[in-house]
Structure formats: C-alpha cells, structure tokens
Amino acid sequence: MTKGTTSRGKHTAHRTHMQCRRCGNRSYHKRKQRCAYCGFPSAKLRRFSWQRKNFNHRRRIH
Ligand SMILES: [Zn+2]
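All values derive from a computational prediction rather than experimental measurement.

The rules behind the values
Residues numbered from 1 in each chain as written. Predicted model: local features only at pLDDT ≥ 70, side-chain atom pairs only at ≥ 80, totals over all residues. Heavy atoms only, no water. Helix = DSSP H or I, 4+ residues; strand = E, 2+ residues; numbered from the N terminus. Buried < 20%, exposed > 50% of the residue type's maximum accessible area, 1.4 Å probe, protein only. Pairing = 2+ DSSP bridges.

As a further point, take unusual backbone geometry. For Gln33, which is not glycine, the phi torsion reads 55° and is therefore positive. Residue position: Gln33 is located in the loop between strand E2 (28-29) and strand E3 (34-35). Gln33 gets classed as partly exposed once you look at its relative accessible area, which sits at 45%.

And the structure:
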C-alpha cells in the first residue's frame with residue numbers, strides 16, 4: 001500500500017458521512033454526530049451568507 005492513488009480505493013470502505021435525517025444529504029458525520037451541510041443536531045440551520053451568490057447585492061450587478 002502506497003500513499004498515492006492506490007490507497008484511495010480503500011476510502012469507500014468506511015464512510016465518514018451518512019445520510020442526514022434533516023436535509024437528506026449524505027453529509028451527516030458519523031463520529032462527529034453532526035451534519036456538515038445543515039449542522040443537524042443544532043436547532044438552527046447551518047447557513048452562511050457566502051453560500052448564495054451576490055447577484056444584485058446593493059443593487060449592483062457584476
Ligand atoms: Zn443535514
């Protein structure tokens with residue numbers, strides 16, 4: 001087993017993420033017990049301003 005391309009094949013064996021109960025994406029981290037997409041056990045949805053594109057932000061179209 002080498003460090004490069006050959007070892008990548010084993011990465012499908014243990015999945016770090018499983019399907020999230022809330023958002024349905026396969027982003028729920030099994031060991032961290034947290035969804036990377038929506039931040040699942042937290043009550044609030046994980047949202048960031050940079051997620052959406054800045055179309056018409058401050059009435060300026062780029
Ligand atoms: Zn989720």
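Turning our attention to the sheet that holds E2. Read across the sheet, three strands follow the order E1-E2-E3 without closing on themselves; strand pairing throughout is antiparallel. Of all strands in the sheet, those bounded by a partner on one side alone are strand E1 (17-18) and E3. Judged from the two bridges that link them, E1 and E2 form a sheet pairing that is antiparallel. Opposite Met18, over in E2, you have Tyr28 as the bridge partner.

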